Amino acid sequence: MRYPMADIAEVDDDIREHILAVSEKTGFVPNVFLSLARRPDEFRAFFAYYDALMEKETGNLTKADREMIVTATSATNHCLYCVVAHGAVLRIYAKDPFVADQVALDYAHADITDRQKAMLDFAMTVAQAPWTITDEDHAALAAHGFDAEDAWDIAAITGFFGLSNRMAHIAGMRPNPEFHLMGRTPREPSADTRTTEATDSAADAAGSHELADTGAPAPADTARQPTEATATPAPATPKEANRR
């Protein structure tokens, strides 16, 4: 981290309660909360907008859809932190241990629905060349059941996390080691749903705040920032590359 983190004992009461509530569900204190807490007004504004976008109960986007948008667009922005953290939450919501890696690397050939590919086509164009969006792009979404408000949600999530991706790079954020393992081992079905409910609750806590996903340094083999050799390159022409 390139900036000093706040001391949780010294932050405002509402921010402290916010951080402790998340850490109680996830089992660890995300260091990035303390990083953003050094700017209290930005902390409050960030999480308020996050909740408005990611926790809303209206519209046709599922929680997995929303996390899929974050994972795919963060990959094109080369944001290791967001890809790892939100990929973990995506695995849990989608109940699929492989989906996040596929979406981050090449969503066009991932094992996802045509509906989700159309959603990500739109999101990636917003991320890379928003000035090229036309009525045709909206019509392509509509053909898969997305209405005008859903298009707004997709664009808003993409734009909001574009900000977060950039700040993660500037701050030198790293995902918590716990996120690398979350949702990778499928659980056997059980009549007792308490384990699933607890895991989903932790995902809500971890995924409900974009900057909640970072903290302690990741293991050496996963903590490297993307390089020209390892990062997923951003296509030069989004609409053609993302619909190949």
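Residues numbered from 1 in each chain as written. Predicted model: local features only at pLDDT ≥ 70, side-chain atom pairs only at ≥ 80, totals over all residues. Heavy atoms only, no water.

Draft legend 1. Spotlight on the packing of aromatic side chains. Counted according to the given criterion, the structure contains nine aromatic pairs. Seen from their ring centres, Tyr-49 and Phe-160 are 5.2 Å apart, and the 85° between their planes marks the pair as edge-to-face. With a gap of 111 residues between them, Tyr-49 in helix 3 (residues 40-54) and Phe-160 in helix 9 (residues 148-171) connect regions that are remote in the sequence. Note on Tyr-49: relative accessible area 39%, which makes it partly exposed. Plain terms: the ring middles of Phe-160 and Phe-161 are 5.2 Å apart, the flat faces sit at 90° to each other, and that makes the pair edge-to-face. Residue Phe-160 shares its accessibility class with Phe-161, and that shared class is buried. Through a chain of ring-to-ring contacts, three or more aromatic side chains come together here, namely Phe-33, Phe-43, Phe-46, Phe-47, Tyr-49, Tyr-50, Phe-160 and Phe-161. (Phe/Tyr/Trp six-rings, centres within 6.5 Å; stacked < 30°, edge-to-face > 60°. Helix = DSSP H or I, 4+ residues; strand = E, 2+ residues; numbered from the N terminus. Buried < 20%, exposed > 50% of the residue type's maximum accessible area, 1.4 Å probe, protein only.)

Draft legend 2. Layout of the state of the cysteines. Under the definition given, this model contains zero disulfides. Free of any disulfide, Cys-79 has its nearest neighbouring cysteine sulfur in Cys-82, separated by 3.4 Å. (Disulfide = S-S within 2.5 Å.)

Draft legend 3. Looking closely at the nonpolar core. Val-103 and Leu-120 are the most contacted members of the largest nonpolar core, which has 51 residues in total. For this core, the secondary-structure elements that each account for two or more residues are helix 1 (13-26), helix 2 (31-36), helix 3, helix 4 (63-76), helix 5 (80-94), helix 6 (99-106), helix 7 (114-128) and helix 9. Counting residues per element, this core draws most heavily on helix 9, at eight residues. Once residues within four sequence positions are removed from consideration, Leu-120 is found in contact with Met-68, Ile-69, Ala-72, Val-103, Tyr-107 and Ile-112. (Core = buried A, V, L, I, M, F, W, Y, C linked by side-chain atoms within 4.5 Å. Contact = heavy atoms within 4.5 Å.)

Draft legend 4. Up close: the side chain of Gln-116. Along the polypeptide, Gln-116 turns up in helix 7. Since its relative accessible area comes to 13%, Gln-116 is described here as buried. Apart from the residues within four sequence positions on either side, Gln-116 is in contact with Asp-65 and Met-68.

Draft legend 5. Here's a closer look at helix 3. Helix length check: helix 3, at 15 residues, gives a terminal C-alpha distance of 21 Å against a target of 21 Å (1.5 Å per residue), a fit within 8%. Within the sequence span of helix 3, burial applies to Phe-43, Phe-46, Phe-47, Tyr-50, Leu-53 and Met-54. Projected onto a plane normal to the axis of helix 3, the buried residues spread over an arc of 125° and lie on a single side. (Expected span 1.5 Å × (residues − 1). Arc of directions from axis to C-beta.)

Draft legend 6. Up close: the confidence of the model for the protein chain. Chain-level pLDDT for the protein chain is 81 on average; 75% of the residues reach the 70-or-more range. Overall, residues 190-198 carries pLDDT values under 50, and its contacts beyond four positions in sequence, including any with other chains, amount to two contacts. Note on residues 208-237: pLDDT is under 50 here. Beyond four places in sequence and across chains, it has 97 contacts. (pLDDT = per-residue confidence, 0-100.)

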